[in-house]
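So you can see what is in the structure, the chains are spelled out below.
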Amino acid sequence: MEQQKKTILSGVQPSGQLTIGNYLGALRNWDMLQDEYDCLYCVVDLHAITVRQNPAELRRRTLETLAIYIACGLDPQKNTLFVQSHVPAHAELSWVLGCYTMFGELSRMTQFKDKSLKNAQNVNAGLFTYPVLMAADILLYQADLVPVGIDQKQHIELARDIAERFNAAYSPTFTVPEPYMPKAGAKIMSLSEPEKKMSKSDDNPGAAIYLNDSRDDIIRKFKRAVTDSEMLIKYDTDRMGIANLMNIYSCFTGKDHSEIEREFDGKGYAEFKLAVGEACADGLKPIQEKFAMLLENKDELEKIMISGAERANYLARKTLSKVYRKVGFYQVKS
Ligand code: ATP
Ligand code: LTN
């Protein structure tokens, strides 16, 4: 039976503190998939160094990101949780796939364009080839589904193109993956600039709700969230500020937009913002408690990393050796 389960792979960069964007767009869905699929989730530290990181912080955040995965409900017994740099095949396959990816394709990636503008002093080659490494992450495990937020859709389409190109050039080698996006929460916007996505590496801490923010901070940030002067709680994508708050409230309460409109009919923004803050703080509380508990036992987290990497290495090696054979790398028996 085990072999018939479909495979899922996803990852988050340990490039900052995780936000409710990461949670609602990705992690919350991962939790719901763990019984039906064979799931692998990695902490993508190789991707994180495409932007300068402080080494001590990167190390700490790698462990914390793994702890957050578990705190968000991923059972390390049911899912393979690992750190990308612990599985060398990611970098190795990435080199090969880079030779099947066109310069023009990478130039069209919107994340590359956005990050080049944001890091104009460090537009390095890794930032450019980032999607190739991401394709390697996915294709190594023959993943059928990749649960991510909308911002990653273009990268998954590229991974599909690379897989199809390689399969056509040789013989079927890779499963062609599909993106899996949540109905609600696939794109949570910044609280200070609601036309931009909420991002963990935003310079303004008021723009994002971090999973570890205190209740007071959460309520205060929502209170200051940019809205408009219409004072009408009605879902309208032309009014991104209020639409975003309604989406967040909907994700945490399960209420749909029309229920929310009825609930706050005739009420003001202050009351609504407080309700959003409280719902969000309530929703994050159990995650925060579990996270704090997990971090008290670093040895246990390291054990999870080691056994995750062991299984991931085993699966990744199988695909990599197939690829090496197909492209014609000389094989010797050791
Ligand atoms: P960075 O700011 O360092 O680029 P990020 O916050 O954009 O990071 P990633 O590590 O790139 O986060 O993304 C991890 C997962 O979270 C991905 O599946 C991504 O699609 C999802 N995600 C990130 N931001 C949002 C958002 N604002 N809304 C919904 N999903 C999001
Ligand atoms: N690029 C992704 C993170 C990521 C990823 C992956 C997501 C790296 N490798 C593989 C899904 C599958 C991002 O969120 N920015």
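Refer to the structure presented above.
Residues numbered from 1 in each chain as written. Chains lettered and ligands numbered in written order. Predicted model: local features only at pLDDT ≥ 70, side-chain atom pairs only at ≥ 80, totals over all residues. Heavy atoms only, no water.

**Observations concerning the overall build of the chain**
Working step 1: Across its full length, the chain carries 13 helices and five strands.
Working step 2: Since a compact globule built from 334 residues should have a radius of gyration of about 20 Å, the 21 Å found for the chain is in line with a globular shape.
Working step 3: In terms of its C-alpha atoms, the chain occupies a principal-axis envelope of roughly 75 × 45 × 40 Å.
Working step 4: Of the contacts made within the chain by residues no fewer than 6 positions apart, 76% connect residues no fewer than 24 positions apart.
Working step 5: For the chain, the exposed area adds up to about 16,300 Å²; of that, 52% sits on carbon and sulfur atoms. (Helix = DSSP H or I, 4+ residues; strand = E, 2+ residues; numbered from the N terminus. Rg over C-alpha atoms; globule rule 2.2 N^0.38 Å. Contact = heavy atoms within 4.5 Å. Areas by Shrake-Rupley, 256 points an atom, 1.4 Å probe, with all protein chains shown as cover.)

**Here we look at the site of ligand 2**
Working step 1: Residues in close proximity to ligand 2 total 14 residues, the closest being H47, Y130, M134, D137 and Q152.
Working step 2: Between a nitrogen atom of ligand 2 and a side-chain N or O atom of Q152, the distance comes to 3.0 Å.
Working step 3: Because more than half of its atoms lie within 2 Å of the grid, ligand 2 is assigned to the largest pocket.
Working step 4: Elements that contribute at least two residues to the shell around ligand 2 include exactly β1 (7-12) and α7 (125-140).
Working step 5: A class-by-class count of the residues in the shell around ligand 2 yields seven nonpolar, six polar and one charged. (Near = heavy atom within 4 Å. Polar contact = N/O pair within 3.5 Å; in protein donor to acceptor, adjacent residues only side chain to side chain. 1 Å grid on protein atoms, 1.4 Å probe; cavity = no way out; pocket = protein on both sides within 12 Å on 5 of 7 lines; lining within 4 Å. Sits in = over half its atoms within 2 Å of the grid points. Nonpolar A, V, L, I, M, F, W, Y, C, P; charged D, E, K, R; others polar.)

**Quick word on the packing of aromatic side chains**
Working step 1: Inspection of every chain in the model, using the stated rule, returns 14 aromatic pairs.
Working step 2: Between F103 and F128, the ring centres sit 5.0 Å apart and the planes meet at 45°, which makes this aromatic pair tilted. Remark: F128 occurs in helix α7 and F103 occurs in helix α5 (residues 103-107); sequence separation between them is 25 residues.
Working step 3: With 4.9 Å between their ring centres and 70° between their planes, F264 and F272 make a pair best called edge-to-face.
Working step 4: Here the aromatic cluster, defined as three or more aromatic residues joined through ring pairs, consists of Y100, F166, Y170 and F174. (Phe/Tyr/Trp six-rings, centres within 6.5 Å; stacked < 30°, edge-to-face > 60°.)

**Things to note about the nonpolar core**
Working step 1: Ranked by size, the top nonpolar core spans 60 residues in total, and within it I20, F222, F272 and L284 carry the most contacts.
Working step 2: The greatest single-element share of this core, amounting to 11 residues, is contributed by helix α12 (residues 269-295).
Working step 3: For L284, the residues in contact, after removing those within four places along its chain, are I20, Y23, I209, Y210, L211, I218 and F252.
Working step 4: In this structure, F128, A135, I138 and I156 belong to the second largest nonpolar core, which totals 41 residues. (Core = buried A, V, L, I, M, F, W, Y, C linked by side-chain atoms within 4.5 Å. Buried < 20%, exposed > 50% of the residue type's maximum accessible area, 1.4 Å probe, protein only.)

**A few points about the pairing of strand β3 (residues 80-83)**
Working step 1: Here β3 shows no split at all, with T80 and F82 on one side and L81 and V83 on the other all buried.
Working step 2: One ladder, built from four bridges, connects strand β2 (residues 38-43) with β3; its direction is parallel. Note on β3: the bridge partner recorded for L40 is T80. (Pairing = 2+ DSSP bridges.)

**So, the pairing of β2**
Walk down a regular strand and you will see the side chains alternate between the two sheet faces.
Working step 1: Taking burial as the measure, the six residues of β2 include six buried ones, the bulk of the element.
Working step 2: Judged from the six bridges that link them, β1 and β2 form a sheet pairing that is parallel. The residue bridging L9 from the neighbouring strand is L40, located in β2.
Working step 3: As a crossover connection, the stretch from β1 through helix α1 (residues 20-33) into β2 is right-handed. (Right-handed = clockwise from strand over helix to strand, strands pointing away.)

**Some remarks on the pattern of salt bridges**
Note that side chains of opposite charge can pair when their charged atoms are close.
Working step 1: In total, this model carries 20 salt bridges according to the counting rule given.
Working step 2: In this structure, the salt-bridge partner of R317 is E92, at a minimum N-O distance of 2.6 Å. Linking R317 in helix α13 (residues 298-327) with E92 in helix α4 (residues 89-98), this pair joins segments that are 225 residues apart in sequence.
Working step 3: Since its relative accessible area comes to 26%, E92 is described here as partly exposed.
Working step 4: Measuring nitrogen to oxygen at the nearest pair gives 3.7 Å for the salt bridge that ties D202 to K196. (Salt bridge = Lys/Arg side-chain N within 4 Å of Asp/Glu carboxyl O.)

**Topic: the site of ligand 1**
Working step 1: As a structural note, the neighbourhood of ligand 1 is formed by 22 residues, with K115, D151, K197, S199 and S201 the closest of them.
Working step 2: Side-chain polar atom of N22 to an oxygen atom of ligand 1: 3.1 Å apart, as the coordinates give it.
Working step 3: Summarising the interface, the protein chains cover 97% of the accessible area of ligand 1, which totals 600 Å² for the free molecule.
Working step 4: More than half of the atoms belonging to ligand 1 lie within 2 Å of the grid points that define the largest pocket.
Working step 5: When residues of the shell around ligand 1 are traced back to their parent elements, those giving at least two are β1 and α1.
Working step 6: Broken down by element, the residue count for the shell around ligand 1 peaks at four residues, all from α1.

**Some details on α13**
Working step 1: Between its first and last C-alpha, α13 extends 42 Å over 30 residues, near the 44 Å set by a 1.5 Å rise per residue.
Working step 2: Taken residue by residue, α13 has L301, I304, M305, G308, A309, A312, L315, A316, T319, L320 and V323 as its buried positions.
Working step 3: One or two steps after α13, the chain reaches G328, where phi turns positive at roughly 100°. (Expected span 1.5 Å × (residues − 1).)

**Quick look at the side chain of Q152**
Working step 1: In this structure, Q152 sits in the loop between β4 (145-147) and α8 (153-169).
Working step 2: Discounting chain neighbours no more than four positions away, the residues touching Q152 are Q111 and M134.

**Describing empty space enclosed by the protein**
Working step 1: With the rule as written, the count across this model stands at one cavity of 30 Å³ or more.
Working step 2: Taken as a whole, the largest cavity holds about 40 Å³ of empty space.
Working step 3: For the largest cavity, the full set of lining residues is Q111, F112, K115, L127, Y130, P131 and H155.
Working step 4: When residues of the lining of the largest cavity are traced back to their parent elements, those giving at least two are α6 (110-118) and α7.
Working step 5: In the lining of the largest cavity, the residues fall into four nonpolar, two polar and one charged. (Points joined across faces, edges and corners; volume = space filled by probe spheres on them.)

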